[in-house]
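A closer look at the structure
So you can see what is in the structure, the chains are spelled out below.
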Amino acid sequence: ANALAKDGAYDLADVRFASALAAELPSHAVIAVDELRARARMAAGSFAGAAKVLTHAIAIQDGDRDDDKGVDAKSEAQLHYLLAKSQGEIAEDASGNERKAAYEAAVLHARKSITIDPTQGDSYAVMGIALAGLGKYDDARRECAQAIRLQPANAEVRWYLGRIPDLQGAHDEAVEALKKAIDLTPKDFRVHKAIAAAYHHRAQKGGAKAGEDLSTALREYDI
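Worth saying up front: this structure is predicted, and the values here are computed from it rather than measured. (Residues numbered from 1 in each chain as written. Predicted model: local features only at pLDDT ≥ 70, side-chain atom pairs only at ≥ 80, totals over all residues. Heavy atoms only, no water.)

Considering the overall build of the chain
- What the chain contains, in helices and strands, is twelve helices and zero strands.
- Along the chain direction, N to C, the helices and strands of the chain fall in the order α-α-α-α-α-α-α-α-α-α-α-α.
- Scaling as 2.2 N^0.38, a compact globule of 223 residues should have a C-alpha radius of gyration of about 17 Å, and the chain matches this with 19 Å.
- Evaluated residue by residue, the chain yields a buried proportion of 48% over its 223 residues.
- Within the chain, residue pairs in contact and separated by at least 24 positions form 53% of the contacts whose partners lie at least 6 positions apart. (Helix = DSSP H or I, 4+ residues; strand = E, 2+ residues; numbered from the N terminus. Rg over C-alpha atoms; globule rule 2.2 N^0.38 Å. Buried < 20%, exposed > 50% of the residue type's maximum accessible area, 1.4 Å probe, protein only. Contact = heavy atoms within 4.5 Å.)

Right under this line is the structure:
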């Protein structure tokens, strides 16, 4: 299943993961397979499907806490981080109360991840963008700043950091943050999409460089 997922055959991989889970496995193995399955679903863009699998894994972990048959703390923190990230992605495509609920779930699981493992830098970043989605920009910036302190060379963390000021209307700041992300990962389409949006939003405000910003936005969208 993992080999198929790495080759991009996500539907076939999911069938194989289901076959693995049909066997009688100890709890820690079920959780490990669930995590791999969730990661494959996330790579395929099926964030709701990933959230379902991760919720199952966390339920098993919580149920086995007393007899200590689950996974270690770092692995448990990863489960909550991945669920927070999935909920954040679900929120991006939702609206109204569904969007709000997904962002709130993302914040909840990011906090749980950090409580279990305070060095989990990605969780601070996910919590930051979720808080920004809820309009809590100061809190969002604080969480992303902590993520940068823990992982200064992490391009995904800088991608989150750049999107927050853009949502807040600070487009100049967003562009500068996202340029640093592109330097770290020039082939990540998400970063080019984010910086295109920042240039586009700045162009919509008008000014002497509006035309130049719009051209740059189009170029970044093309990339």
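Things to note about the pattern of salt bridges
- In this structure the tally under the stated criterion is 15 salt bridges.
- The salt bridge involving Arg202 is made with Asp213; its shortest N-O contact spans 2.8 Å. Linking Arg202 in helix α11 (residues 189-204) with Asp213 in helix α12 (residues 210-222), this pair joins segments that are eleven residues apart in sequence.
- By relative accessible area, Asp213 is classed as buried at 5%. (Salt bridge = Lys/Arg side-chain N within 4 Å of Asp/Glu carboxyl O.)

Structural notes on the nonpolar core
- Tyr160 and Leu178 are the most contacted members of the largest nonpolar core, which has 53 residues in total.
- Apart from the residues lying within four places of it in its own chain, the contact partners of Tyr160 are Lys85, Ala125, Val126, Ile129 and Cys144.
- Core analysis: the second largest hydrophobic core is formed by five residues, Ala5, Ala13, Phe17 and Val33 among them. (Core = buried A, V, L, I, M, F, W, Y, C linked by side-chain atoms within 4.5 Å.)

A few points about helix α4 (residues 47-63)
- For α4, which comprises 17 residues, the first-to-last C-alpha distance of 24 Å matches the rise-based estimate of 24 Å (1.5 Å per residue) to within 8%.
- All of the buried residues along α4 are Phe47, Gly49, Ala50, Ala51, Val53, Leu54, Ala57, Ile58, Ile60 and Gln61.
- Residues of α4 that are buried make contact with α3 (27-43), α5 (73-92) and α6 (96-116). (Expected span 1.5 Å × (residues − 1).)

A word on the environment of Tyr81
- Here Tyr81 is to be found in helix α5.
- Residue class for Tyr81 comes out buried when judged on its relative accessible area of 6%.
- With 32 residues separating them along the chain, Tyr81 and Ser113 place their C-alpha atoms 5.7 Å apart.

Examining empty space enclosed by the protein
- Within this structure, the stated rule accounts for one cavity of 30 Å³ or more.
- What the largest cavity holds in volume is close to 70 Å³.
- Around the largest cavity, the lining residues are Lys85, Gly88, Glu89, Glu92, Tyr103, Val126, Ile129, Tyr160 and Arg163.
- Sorting the residues of the lining of the largest cavity by element identifies α5, α7 (121-133) and α9 (155-168) as the ones contributing at least two each.
- Here the lining of the largest cavity takes four residues from α5, the largest share from any one element.
- For the lining of the largest cavity, the residue count by class is four nonpolar, one polar and four charged. (1 Å grid on protein atoms, 1.4 Å probe; cavity = no way out; pocket = protein on both sides within 12 Å on 5 of 7 lines; lining within 4 Å. Points joined across faces, edges and corners; volume = space filled by probe spheres on them. Nonpolar A, V, L, I, M, F, W, Y, C, P; charged D, E, K, R; others polar.)

Quick word on the packing of aromatic side chains
- Summed over all chains, the structure comprises one aromatic pair.
- Aromatic pair Trp159 and Tyr160: ring centres 4.9 Å apart, planes at 45°, arrangement tilted.
- The ring centre of Trp159 lies 4.3 Å from the NZ or CZ of Arg163, which sits over that ring. (Phe/Tyr/Trp six-rings, centres within 6.5 Å; stacked < 30°, edge-to-face > 60°. Lys NZ or Arg CZ within 6 Å of the ring centre and 35° of its normal.)

Here we look at the packing of helix α2 (residues 10-22) against α3
- Closest axis-to-axis distance for the α2/α3 pair is 10 Å, and the angle between their directions is 165°. Comparing the axis directions of α2 and α3 gives the class roughly antiparallel. In this structure, α2 crosses over α3, and the sense of that crossing is left-handed. Here α2 contributes Tyr10, Asp14, Phe17, Ala18, Ala20 and Leu21 to the contact with α3, which in turn contributes Val30, Val33, Asp34, Leu36, Arg37, Ala40, Arg41 and Ala43.
- A per-class count over the contact of α2 with α3 returns ten nonpolar, no polar and four charged. (Axes fitted to C-alpha atoms, helices over the stretch in contact; angles between N-to-C directions. Parallel < 35°, antiparallel > 145°, perpendicular 65-115°, else oblique. Left-handed = near helix turned anticlockwise from the far one by under 90°.)

Any link to function would need more than the numbers given here.
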